Amino acid sequence: LQETLLGKYGEEGRLIYELKDQGGELLALRYDLTVPFARYLAMNKITNMKRYHVAKVYRRDNPATSRGRYREFYQCDFDIAGEFDSMIPDAECLKIVHEVLSDLQLGDFLIKVNDRRILNGVFAICGIPESKFLPTCSTVDKLDKVPWEEVRTEMIRERGLTPEAADRIGEYVRLHGGLDLIERLLQDPKLSQNKLAKEGLGDLKLLFEYLALFGIAEKISFDLSLARGLDYYTGVIFEAVLLQPENDHMEEPVGVGSVAGGGRYDGLVGMFDPKGRKVPCVGVSIGIERIFSILEQRVEASKEKIRPTETQVLVATPQKNLVAARLKLISELWDAGIKAEMLYKRDPKLLKQLQYCEDTGIPLAAIVGEQELKDGVVKLRDVTTREEVRM
């Protein structure tokens, strides 16, 4: 139902595909896998669950296919729901992102971490009314795409902040570092007075200790500009970006866009529970299409040939009127669980069949001609070396 999705995504909600079905119900296509997961937990009264889910989601966005931005795309989500001790599940989610991105060998990456409570604390001490927290958050979230000057202008013109407040926010949201920065902010006279920010900083300090034990702390950066535009986050938030290698013109590596993101959303399940019972949750979403587009660009650049098929053997015939022999042999191979194919032509030329093997990278050709049929054998040909054995 449309009402399940509305009011959960902040300004990004305008990208939800809304539909009316024949029965007059107001429906919408799911925008992510998190809100449906929260609804599922509430409906089935589940208070404890760990799961992954790979499925399609839909966004009415401007597609940019070269960058892997589509309107219909796959996400892979991993979530841990339940009442647990602070930061243990959160650290595991980050460990999983690190593991996935390392195993895929996408190059250098960085996982940025922040906490919504710290951001809200920053907004509070900069004199921003609570009603403007979420819209200001959405504006701060643009910092990885546009320079501070543009973000500052939007805060003043569109969000109605005073230039002084915007500048005070700017002093904080441009900071990034590690444990040292957390320690520094815990000593900050204004920020340490804010209960929410203090809680957030304390949790982040613990998180960094766990990440050091997992051996991944060097890939994690505490970044105060990270805001994640979605409304449902309540605590730790994170985003993984791939870095372009350094070159002569740039001092530090530049991000080429987010490939994974997530965070803690402790209030979402309660929204769907008639009694408002809460289930704390933390999760991460990996953008499969973004990763695929990067891998595809790499392959293109390396001029490497990718096999378009998993076929192990092509069943081929050298003479005419042997389609029956091919069908019989391919059927045997299929029944034996061997990946086989043949050309959909009655009498293809042998050269054409072998050429097809070369083009698609099929390693073997099983050839049955009149002589082979008489002798009750099959000639197996290695397409690359052209060696043949009779079997």
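- An unreviewed UniProt entry annotates the chain as histidine--tRNA ligase originating from Cuculus canorus.
- In the Sequence similarities (unreviewed entry) part of its UniProt record, the chain is described as follows: "Belongs to the class-II aminoacyl-tRNA synthetase family."
- According to the UniProt record, the Catalytic activity (unreviewed entry) comment for the chain reads "tRNA(His) + L-histidine + ATP = L-histidyl-tRNA(His) + AMP + diphosphate + H(+)".

Looking at the pattern of salt bridges
- Following the criterion strictly, the structure yields 25 salt bridges and no others.
- Across the salt bridge formed by D203 and R117, the nearest N and O atoms sit 2.9 Å from each other. Placement of D203 in helix 9 (residues 195-213) and of R117 in helix 4 (residues 116-125) is noted, with a sequence separation of 86 residues between them. The exposure classification of D203 matches that of R117, with both residues buried.

Overview of the sheet that holds strand 11 (residues 313-316)
- With mixed pairing, the five strands of this open sheet are ordered in space as 12-11-13-14-15. Strand pairing shows two members of the sheet lacking a second neighbour, strand 12 (340-341) and strand 15 (388-390), which therefore form its edges.
- The sheet contact formed by strand 14 (residues 379-382) and strand 15 spans three bridges and is antiparallel. Looking across to strand 15, one finds that L380 is bridged to V389.
- Contacting strand 11, strand 12 and strand 13 (364-367), helix 12 (residues 323-335) runs over the sheet at an angle of about 160° to strand 11.

Let's talk about the packing of aromatic side chains
- The tally for this structure, following the rule as stated, stands at five aromatic pairs.
- Geometrically, the ring pair formed by Y9 and Y31 is tilted, given 4.4 Å between the ring centres and 45° between the ring planes. Of this pair, Y9 sits in the loop between helix 1 (2-5) and strand 1 (18-20) while Y31 sits in the loop between strand 2 (26-28) and helix 2 (34-43), and the two are 22 residues apart along the sequence. Here the two residues Y9 and Y31 agree in accessibility, since each one is buried.
- A network of ring pairs unites the aromatic residues Y9, Y31, Y232, Y233 and Y265 as a single cluster.
- Geometry around F37 places R51 over its ring, the cationic atom sitting 4.0 Å from the centre.
- Here the basic side chain of R59 rests over the ring of Y31, its NZ or CZ set 3.9 Å away from the ring centre.

What counts and what doesn't
- Residues numbered from 1 in each chain as written.
- Predicted model: local features only at pLDDT ≥ 70, side-chain atom pairs only at ≥ 80, totals over all residues.
- Heavy atoms only, no water.
- UniProt positions renumbered as here; feature names shortened; annotations may be inferred.
- Salt bridge = Lys/Arg side-chain N within 4 Å of Asp/Glu carboxyl O.
- Helix = DSSP H or I, 4+ residues; strand = E, 2+ residues; numbered from the N terminus.
- Buried < 20%, exposed > 50% of the residue type's maximum accessible area, 1.4 Å probe, protein only.
- Pairing = 2+ DSSP bridges.
- Contact = heavy atoms within 4.5 Å.
- Axes fitted to C-alpha atoms, helices over the stretch in contact; angles between N-to-C directions.
- Phe/Tyr/Trp six-rings, centres within 6.5 Å; stacked < 30°, edge-to-face > 60°.
- Lys NZ or Arg CZ within 6 Å of the ring centre and 35° of its normal.

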